[in-house]
Structure formats: structure tokens, C-alpha cells
Amino acid sequence: MSIITINNRTINRSDTASAGQVFTATSATAADFQAAGGGKLLQIVQAETTSAADVASGSFADISGVTVAITPSATSSKVFVIVNLHCDSQTSDRGFGIQLVRSISGGASTNIHSDHGVKAFYTGSGRIQTKYLHHELDSPSTTSATTYKVQASCDGSNNIRFNEQGITSITAIEIGS
């Protein structure tokens, strides 16, 4: 028999946990073995690129190579998306917007995050790299192939270059309930 103390109270236990169970306080004075909860990482998919991609449009356009597809195993799963971009302005300080979009089974894209007013800087004699990092927890509610991609738009007439220095990546992690 083991003796466990929870909240200054002693609990005597003689049973053993089964596989997939954890010891959990069920009240201020009691504890028991219960099934382990959700939050399991079910799959991880990542796409990386080092190929330069320019965006010069005031309208959102795909950033080449920053796309990842994942097929959730259950409709209750969540998908944690991590975006890591390297970008810079080619000729002058330039603002740009970023959006993360999702499409299910090749259907219409749904914008799940927008970030406007991101800034890339130019020093006059050289460019300064800007790193953009974003995390998004999505609930696609599907078991069909789900594609996440990053789009950008540029303020003004100059372009923003992505992926030239360093690795740009997008990662999708399925989290079970």
C-alpha cells in the first residue's frame, strides 16, 4: 500500500494504474487513476524553402513555397500552424501585409489570420532582414486534406522579397482532443 499526500491530507492507495491512465486529484481530499486527457500530438507536417520569392502586388498573393497540407484524423482535432518568414525590402522602407489562409479539399480559401502593417527596412546602403513569426490554433472540423498557405501584399510600388536569407517554413501540427 502506498501513501500519498494531497493538500496536506493522506490517501492510502493499493491499486495500480492501467496503461493510458494518470493519477489525478478528484477533490481536495481524494485522488484516483483516470484516463489521460487530450492534447496528443498526432502528426507534424512541415514545408521549408530557401528559394527567393518577390511580392510586388497591393493585393494578397501566395508566397511561393510557403504551403503545407495535412489530413486531420478526426473532426475534433485542432491544427497548430507555425509560420516563420524571412523577408526584406529591396529599395526602401516598405510595409506589407501577411495572411494565413486555409482550404479544405481544394475548395475556396478561408482567411484565418491577417496581419497588416508589418515593416521591412532598407538602410540606403544595404537591406535589413526582417523575421516574421506567427502561431495559429485552427479548428478545421474535417478529416479531408487541409492546406494552409501564406499570402502577402506590398504597400507602394516596390517589392518585398521573401526567403532570400535563411530558411522560411510553415509547420502544421495535428493535436488530438
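Structure's up top.
About the thresholds
- Residues numbered from 1 in each chain as written.
- Predicted model: local features only at pLDDT ≥ 70, side-chain atom pairs only at ≥ 80, totals over all residues.
- Heavy atoms only, no water.
- Core = buried A, V, L, I, M, F, W, Y, C linked by side-chain atoms within 4.5 Å.
- Buried < 20%, exposed > 50% of the residue type's maximum accessible area, 1.4 Å probe, protein only.
- Helix = DSSP H or I, 4+ residues; strand = E, 2+ residues; numbered from the N terminus.
- Salt bridge = Lys/Arg side-chain N within 4 Å of Asp/Glu carboxyl O.
- Pairing = 2+ DSSP bridges.

Visitor: Which parts of the structure should I look at to understand the nonpolar core?
Guide: Considering soluble globular proteins, one finds that nonpolar side chains tend to be buried as a cluster. In this structure, Ile-63, Leu-85, Ile-98, Tyr-148, Val-150, Phe-162 and Ile-170 are the most contacted members of the largest nonpolar core, which totals 25 residues. Secondary structure elements with two or more residues in this core: β6 (53-55), β7 (61-70), β8 (78-89), β9 (94-104), β13 (146-154), β14 (160-162) and β15 (168-176).

Visitor: Quick question: what am I supposed to make of the pattern of salt bridges here?
Guide: Side chains bearing opposite charge may pair, as long as their charged atoms lie close to each other. Counted according to the given criterion, the structure contains two salt bridges. The salt bridge partner of Asp-62 is Lys-149, with a shortest N-O separation of 3.2 Å. Taken as a pair, Asp-62 in strand β7 and Lys-149 in strand β13 lie far apart in primary sequence, 87 residues in all. Taking the relative accessible area as the measure of exposure, Asp-62 reaches 41% and is therefore partly exposed. Between Arg-102 and Asp-138 there is a salt bridge; the shortest N-O distance is 2.7 Å. Note that Arg-102 is positioned in strand β9 and Asp-138 in strand β12 (residues 130-138), a separation of 36 residues in sequence.

Visitor: Can you walk me through the pairing of β13 in this structure?
Guide: Looking along a regular strand, one sees side chains alternate from face to face of the sheet. Extensive coverage of β13 is indicated by the burial of seven of its nine residues. One ladder, built from six bridges, connects β7 with β13; its direction is antiparallel. Following the sheet pairing, Ala-61 is matched in β13 by Ala-152.

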